[in-house]
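# Geometric and topological summary
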Amino acid sequence: MSVSQPFDVLLAEDDGVTREVLASALEGMGYRVRQFADGRAAWEAYDAEPARVVISDWKMPGIDGLEFCRRVRKRLLTAYTYFILITANEAGELGYEYEIGEEVDDFLIKPVARGQLWRRMRVAARILRFATQMQQIEQLLPICSYCHKIREGDSGPWETLERYVGQRTGSSFSHGVCPDCEDRWLADLNLSATPAR
């Protein structure tokens, strides 16, 4: 599904008033909303038909919002889902930085103002567009089987993946050596360092 058009939103919130207010605001922005009053029902619906955005209460019956998010992240062969957690607590009282780093993309504080929701959905749309573009790059760009350089189209120049992505996204990369390559290259070095007899 393209993210240039409004996408489906799965809303999990056990408070009926909050759920209706959020659903009405989202529908007013052009999104199709599937609403659920508990985490387990929301997860089962997501598992049957994933949504591109999930807005979930943190504390609710069934499973809580963090467990719901963990299940979303572990689901295989699923397009990236932008996950927004709703909480009644002030930002300073919770480990937001940890949770964002681990699983959750963003937070909303109750009562949720329409402007806050609109801004979060704009960010979600940008992130999902980027994720879709990266998926298209992976599917469409020729990649050299030996050096892993890529090129755009049939006649473009061959470039390193880092340079290609960096020029188009502003991203920079750090490098390391995976354990398999480390073992292989150390073994090669040990062989070449062994004196001939």
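All of the points below concern the structure found in this document. (Residues numbered from 1 in each chain as written. Predicted model: local features only at pLDDT ≥ 70, side-chain atom pairs only at ≥ 80, totals over all residues. Heavy atoms only, no water.)

### Remarks on the sheet that holds strand β5 (residues 106-109)
The strands making up a sheet are joined through hydrogen bonds of the backbone, oriented either antiparallel or parallel. Read across the sheet, five strands follow the order β2-β1-β3-β4-β5 without closing on themselves; strand pairing throughout is parallel. Looking at strand neighbours, the two that pair on one side only are β2 (33-36) and β5, the edges of this open sheet. On average, each strand axis in the sheet is tilted by 20° relative to the strand beside it, whichever way the strands run. In this sheet, β2 lies alongside strand β1 (residues 9-12) in parallel orientation, the contact comprising four bridges. Its bridge partner lying in β2, L11 is registered against Q35. Those strands touched by helix α1 (residues 16-28) are β1, β2, β3 (53-57) and β4 (82-87), and its axis lies near 175° from that of β2. Here helix α3 (residues 65-74) sits on the sheet and contacts β1, β3 and β4; the angle it forms with β4, its principal contact strand, is near 175°. (Pairing = 2+ DSSP bridges. Helix = DSSP H or I, 4+ residues; strand = E, 2+ residues; numbered from the N terminus. Axes fitted to C-alpha atoms, helices over the stretch in contact; angles between N-to-C directions. Contact = heavy atoms within 4.5 Å.)

### Some details on the nonpolar core
The biggest cluster of nonpolar side chains holds 22 residues, and the ones touching the most others in it are L26, V53, I55, L117 and M121. If you tally residues by element for this core, the top one is helix α5 (residues 114-140), at five residues. What L117 contacts, discounting residues up to four positions off in sequence, is L22, A25, L26, M29, I55, L108 and V112. Of all hydrophobic cores here, the second largest spans 20 residues; its members include F36, A42, W43 and L85. (Core = buried A, V, L, I, M, F, W, Y, C linked by side-chain atoms within 4.5 Å. Buried < 20%, exposed > 50% of the residue type's maximum accessible area, 1.4 Å probe, protein only.)

### What about unusual backbone geometry?
The linkage connecting K110 with the following residue, P111, adopts the cis geometry, with an omega of -10°. For L77, which is not glycine, the phi dihedral falls at a positive 55°. Along the chain, the position of L77 falls in the loop between α3 and β4. Despite not being glycine, H148 shows a phi value in the positive range, around 65°. By the secondary structure assignment, H148 is in the loop between α5 and α6 (161-169).

### Examining helix α2 (residues 39-48)
One full turn of an α-helix is made of 3.6 residues, so residues set three or four places apart face in the same direction. Listed as buried for α2 are G39, A42, W43, A45 and Y46. Along the axis of α2, the buried positions cluster into a sector of 165°, meaning they face one direction only. Residues of α2 that are exposed and point more than 90 degrees away from the buried face comprise E44 and A48. Check the buried side of α2 and you find it contacts β1, β2, β3 and α3. Between a side-chain oxygen at the N-terminus of α2 and the backbone nitrogen of R40 the separation is 3.0 Å; the capping residue is D38. (Arc of directions from axis to C-beta. Polar contact = N/O pair within 3.5 Å; in protein donor to acceptor, adjacent residues only side chain to side chain.)

### Let's talk about the pattern of salt bridges
A pair can form between side chains of opposite charge whenever their charged atoms are brought close. Enumeration over the complete set of coordinates arrives at eleven salt bridges. Taking the shortest distance from any N to any O, the salt bridge between R32 and D8 comes out at 2.5 Å. Placement of R32 in the loop between α1 and β2 and of D8 in the segment before β1 is noted, with a sequence separation of 24 residues between them. Take R32: its relative accessible area is 43%, and that puts it in the partly exposed class. Note that R71 is salt-bridged to E67, the shortest N-O span being 3.1 Å. (Salt bridge = Lys/Arg side-chain N within 4 Å of Asp/Glu carboxyl O.)

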